[in-house]
Amino acid sequence: MLQKKTLILGATTNADRYAYMAAERLTAHQHPIVLVGIKKGEVVGQPIDNSRQIHTDIDTLTLYVGPQNQPEWYDYILQTKPQRLIFNPGTENPELAQKASQAGIEVLYACTLVMLSTQQY
């Protein structure tokens, strides 16, 4: 299986949130993860980073930040230059999708959890 280093933007320590579930399932599928969020904490033994450090070795950035809060993350996402950007349900944003596409980033409107469960990740 090809491991895809994945940055979870909107990571949280709240186990009821989909970003938390994605961290668990990505780890279970042996994909290395980087957690980025606004609050520090830890999920599946990985720290949540809130320093906005740019990671340049990311295959997939999976988005769990609502469209109203995404503009402050545009530069971060584009500078990270993931191979693909997944807009999970509720995060759809045509403006960001266009910017990412113009930067050569593959844009997917999908659900990370469903992709993992159907072996489409």
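Everything below is about the structure printed above this text.
So, here's what we can say about the structure.

So, how was this worked out
- Residues numbered from 1 in each chain as written.
- Predicted model: local features only at pLDDT ≥ 70, side-chain atom pairs only at ≥ 80, totals over all residues.
- Heavy atoms only, no water.
- Helix = DSSP H or I, 4+ residues; strand = E, 2+ residues; numbered from the N terminus.
- Buried < 20%, exposed > 50% of the residue type's maximum accessible area, 1.4 Å probe, protein only.
- Pairing = 2+ DSSP bridges.
- Axes fitted to C-alpha atoms, helices over the stretch in contact; angles between N-to-C directions.
- Contact = heavy atoms within 4.5 Å.
- Arc of directions from axis to C-beta.

Turning to unusual backbone geometry, a few remarks are in order. Backbone geometry at Q30 places phi at a positive 65 degrees, although glycine is not the residue there. Mapped onto the secondary structure, Q30 falls in the loop between α1 (18-28) and β2 (33-36). You can call Q30 exposed: its relative accessible area is 53%. One non-glycine residue, R52, lies in the positive phi region at around 65 degrees. Structurally, R52 can be placed in the loop between β4 (46-49) and β5 (60-63).

Our next topic: the sheet that holds strand β1 (residues 6-9). Here 7 strands make up an open sheet; going across it, the order is β3-β4-β2-β1-β5-β6-β7 and the pairing mixed. Each having just a single partner strand, β3 (41-43) and β7 (106-109) make up the two edges of the open sheet. Each neighbouring strand pair of the sheet contributes to a mean axis angle of 25 degrees, computed without reference to strand direction. With 4 bridges connecting them, β5 and strand β6 (residues 84-87) associate as parallel partners. Bridging from a neighbouring strand, L61 pairs with L85 of β6. Strands β1, β2 and β3 of the sheet are contacted by α1, whose axis makes an angle of about 165 degrees with β1. Each of β5, β6 and β7 touches helix α3 (residues 94-102); the most contacted strand, β7, lies at about 150 degrees to it.

Let's shift gears to α3. If you check which residues of α3 are buried, you get L96, A97 and A100. Buried residues of α3, viewed axially, fall in a sector of 100 degrees; they line one side. Summarising the geometry of α3, the exposed residues directed more than 90 degrees from the buried face are P94 and Q102. Residues of α3 that are buried sit in contact with β5, α2 (74-80), β6 and β7.

Of all the residues in α1, the buried ones are A19, Y20, A22, A23 and L26. The buried residues of α1 all sit within an arc of 160 degrees when viewed along its axis, so they share a single face. Residues Y18 and A28 are exposed on α1 and point more than 90 degrees away from its buried face. In this fold, the buried residues of α1 make contact with β1, β2, β3 and α4 (112-117).

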